[in-house]
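Chains, contacts and geometry: an overview
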Amino acid sequence: MTVKILSHRLPAVAVQIHAVLVLAHAQETKLLGVQGAAPSQQTAADIQTSGDFFLGSFDDEKLIGVISVRPDDELGQINIASLVVHPAQQRRGVARALLTSALQRAPGATFSVSTAAKNAPALALYAQFGFEPYRWGTLGEEGMALVKLRRSQLGAGCACMGSA
């Protein structure tokens, strides 16, 4: 497995990113028990024009996971906009490798991420990397509970960094 910067402005790359996003989103809606959730509204064209920075994890040249980051709406933080892994490739360290690579590219930076409060696998992963909850809210008509987590410069020394 290798992690590389993705040239998301290339149509073929954007299509590959979109394919992984759609599969992961469908799995997440089942995990969270969200009724009637629409598939991701983000299109391959949206990905191409995005200002996000994308990293991808590859296995035999096949894209199996994606992380995207952007400036957070809170000054001084980098937001993990998405971290998704192809459902058939989960439990193999893909998300861990992507998260490690993203964090290493901005040493000392404060990172944030939002996820569903019921998304136990995501919460466990982020906790291993020193992320701590600091804001709560809801999303959508169903009022899905969300949590925003933050990993400050102080979290940079957590033992998880060497285990990817």
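Residues numbered from 1 in each chain as written. Predicted model: local features only at pLDDT ≥ 70, side-chain atom pairs only at ≥ 80, totals over all residues. Heavy atoms only, no water.

As for the pairing of strand β5 (residues 110-116)
When a strand is regular, its side chains alternate between the sheet's two faces. For clarity, the cut-off: Summary of the burial criterion: residues with accessible area below 20% of their type's maximum are buried, those above 50% are exposed, and those between are partly exposed, where the area comes from a 1.4 Å probe applied to protein chains only. By the criteria applied, helices consist of DSSP H or I runs no shorter than four residues and strands consist of E runs no shorter than two, each listed in order from the N terminus. Whether two strands pair depends on DSSP finding at least two bridges between them. A clockwise path from the first strand over the helix to the second, with the strands pointing away from the viewer, defines a right-handed crossover.
Along β5, 6 of the 7 residues are buried, which leaves the element largely enclosed by surrounding structure. The pairing of strand β4 (residues 77-85) with β5 spans 4 bridges and is classified as parallel. The partner of I78 across the bridge, within β5, is F111. Running through helix α3 (residues 94-104), the crossover from β4 to the neighbouring parallel element β5 is right-handed.

Observations regarding the confidence of the model for the protein
As a reminder of what qualifies: The quantity called pLDDT is the predictor's confidence in a given residue, expressed from 0 to 100. Residue contacts are counted whenever heavy atoms from the two residues lie within 4.5 Å of one another.
With 87% of its residues at a pLDDT of 70 or more, the protein shows a mean pLDDT of 86. This model gives residues 155-164 a pLDDT under 50, and the stretch forms 18 contacts once residues within four places in sequence are excluded.

Brief notes about the pattern of salt bridges
Just so we agree on the cut-off: Throughout this description, the term salt bridge denotes a Lys or Arg side-chain nitrogen within 4 Å of a carboxyl oxygen of Asp or Glu.
Enumeration over the complete set of coordinates arrives at 7 salt bridges. For D52, the salt bridge identified is with R70, shortest N-O distance 2.7 Å. Residue D52 is located in the loop between α2 (44-49) and β2 (53-59), and its partner R70 is located in strand β3 (residues 62-71); the two are separated by 18 residues in the primary sequence. According to the relative accessible area criterion, D52 is buried, its value standing at 8%. A salt bridge links K148 to D72; the shortest N-O distance between them is 3.0 Å.

Side note on the pairing of β2
Burial of β2 is extensive: 5 of the 7 residues sit out of reach of the surface. Relative to β2, strand β1 (residues 2-5) runs antiparallel, the two being bridged by 4 bridges. If you follow V3 over to β2, its bridge partner there is S57.

Some points on the nonpolar core
To keep it simple, the criterion reads: Grouping buried Ala, Val, Leu, Ile, Met, Phe, Trp, Tyr and Cys residues that are joined through side-chain atoms within 4.5 Å yields what is termed a nonpolar core.
Counting residues in hydrophobic clusters, the biggest one holds 24 residues, and the most contacted among them are I67, I80, L83, L99, F111, Y126 and F131. Broken down by element, the residue count for this core peaks at 6 residues, all from α3. Setting aside anything within four residues of it in sequence, one finds F131 in contact with I80, L103, F111, S112, V113, Y126, L149, R150 and R151. Membership of the second largest hydrophobic core comes to 13 residues, among which are I17, L63, V66 and V84.

Details of the layout of surface pockets
Note the threshold: Cavities and pockets were defined on a 1 Å grid built over protein atoms only: a cavity is a set of grid points that admits a 1.4 Å probe from which the probe cannot escape, a pocket is an open set flanked by protein on both sides within 12 Å along at least five of seven lines, and lining residues are those with an atom within 4 Å of any such point. Grid points are joined across faces, edges and corners, and a volume is the space filled by probe spheres set on the points. The residue classification treats Ala, Val, Leu, Ile, Met, Phe, Trp, Tyr, Cys and Pro as nonpolar and Asp, Glu, Lys and Arg as charged. All others, Gly included, are polar.
The calculated volume of the second largest pocket comes to roughly 160 Å³. Around the second largest pocket, the lining residues are D72, D73, S114, R135, W136, G137, T138, L146, V147 and K148. For the lining of the second largest pocket, the class distribution of residues is 3 nonpolar, 3 polar and 4 charged.

Notes on α3
With 9 of 11 residues buried, α3 is to be regarded as a mostly interior element. If you check which residues of α3 are buried, you get V94, A95, A97, L98, L99, T100, S101, A102 and L103.

Some details on the packing of α3 against helix α4 (residues 120-128)
Which entries qualify depends on this criterion: Axis lines are fitted through C-alpha atoms, for helices just across the contact stretch, and the angle between N-to-C directions can take any value from 0 to 180 degrees. Geometric relationships in this document are graded by angle, where less than 35 degrees denotes roughly parallel, more than 145 denotes roughly antiparallel, 65 to 115 denotes roughly perpendicular, and other angles denote oblique. By definition, turning the near helix anticlockwise from the far helix through less than a right angle yields a left-handed crossing, and turning it clockwise yields a right-handed one.
The contact between α3 and α4 brings their axes to 11 Å, and the two run at 45°. As the angle between them shows, α3 and α4 are arranged oblique. Crossing geometry of α3 relative to α4 is assigned as right-handed. Of the residues in α4, those touching α3 at A95, R96 and L99 are L125, Y126 and Q128.

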